[in-house]
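Residue-level structural notes
Read off the chains here:
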Amino acid sequence: MRTRIGLVVWAAVVALGFAPAVRAEEETGKAFIVLVGIDDYKDTQIKKRKHAEADAKAIFDLFSGKEHLGVKGENIKLFLGSEDAKRGAQPATKENVLKALQWLEKNAGKDDLVVFGFFGNGAPLGDRAVYFATDS
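All of the points below concern the structure found in this document. (Residues numbered from 1 in each chain as written. Predicted model: local features only at pLDDT ≥ 70, side-chain atom pairs only at ≥ 80, totals over all residues. Heavy atoms only, no water.)

Some thoughts on helix 3 (residues 94-107)
Side chains that are three or four residues apart share a direction in an α-helix, a result of its 3.6 residues per turn. Helix length check: helix 3 (14 residues) gives 20 Å between terminal C-alpha atoms against 20 Å at 1.5 Å per residue, within 8%. Every buried residue of helix 3 is listed here: N96, V97, A100, W103 and L104. Down the axis of helix 3, the buried set is contained in an arc of 115 degrees. They therefore lie on one face. Exposed residues pointing more than 90 degrees away from the buried face of helix 3 are listed as K94, E95, Q102, E105 and K106. Packed against the buried residues of helix 3 are strand 1 (31-37), strand 2 (76-80), strand 3 (90-91) and strand 4 (113-119). (Helix = DSSP H or I, 4+ residues; strand = E, 2+ residues; numbered from the N terminus. Expected span 1.5 Å × (residues − 1). Buried < 20%, exposed > 50% of the residue type's maximum accessible area, 1.4 Å probe, protein only. Arc of directions from axis to C-beta. Contact = heavy atoms within 4.5 Å.)

Notes on the sheet that holds strand 3
Taken together, the 4 strands give an open sheet; going across it, the order is 3-2-1-4, and neighbouring strands pair in parallel fashion. Edge positions in the sheet fall to strand 3 and strand 4, since each of these pairs with one other strand and no more. Relative to strand 2, strand 1 runs parallel, the two sharing 5 bridges. Following the sheet pairing, I33 is matched in strand 2 by I76. The strands touched by helix 3 within the sheet are strand 1, strand 2, strand 3 and strand 4, with strand 1 carrying the most contacts at an inclination of about 165 degrees. (Pairing = 2+ DSSP bridges. Axes fitted to C-alpha atoms, helices over the stretch in contact; angles between N-to-C directions.)

Comments concerning helix 2 (residues 52-64)
End to end, helix 2 covers 18 Å across 13 residues, agreeing with the expected 18 Å (1.5 Å per residue, within 8%). Those residues of helix 2 not exposed but buried are A52, E53, D55, A56, I59, F60, L62 and F63.

Considerations on the nonpolar core
With 14 residues, the main nonpolar core has I33, L35, F63 and V71 as its most contacted residues. The set of elements that each furnish at least two residues to this core consists of strand 1, helix 2 and strand 2. With 5 residues, helix 2 is the single largest residue contributor to this core. Within the second largest apolar cluster, 12 residues are counted, among which are F32, V36, A92 and V97. (Core = buried A, V, L, I, M, F, W, Y, C linked by side-chain atoms within 4.5 Å.)

Details of the pattern of salt bridges
Following the criterion strictly, the structure yields 5 salt bridges and no others. As a salt-bridge pair, K57 and D84 come within 3.8 Å of each other at their nearest N and O atoms. Placement of K57 in helix 2 and of D84 in the loop between strand 2 and strand 3 is noted, with a sequence separation of 27 residues between them. One salt bridge connects D84 with R87, and the closest N-O pair in it is separated by 2.6 Å. Taken individually, D84 and R87 each receive the classification buried, so the pair is uniform in this respect. Among the charged side chains, a salt-bridge network with shared partners connects K57, D61, D84 and R87. (Salt bridge = Lys/Arg side-chain N within 4 Å of Asp/Glu carboxyl O.)

Written out as structure tokens, the structure is:
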């Protein structure tokens, strides 16, 4: 619980601290945001992450809100373990997340703001880390 609160507070400080200074409309660059939140996995051996989707939705609302960063719909993507038609979320499958990362690589330039937020579970694999999608 303490880690979750710390993460949300940190994300809010970063977003509120930097968002007013850097607006999506400024000519210095665009903002490209990809957020992934997964509460429940198909594989029962992967533990549930209680508030991951709610956290991803909150950060999505923060970045897309006109009073903060105001990122346009074509520059922000949300992937969830469950449906959310209000925000236009897509399923957080491995294929969709990898396509989103390729989209970031293809479209973001040198002066653009890029945010990739992953709220879910992962595991160590040797000296690397792996992150689980809903279909992992």
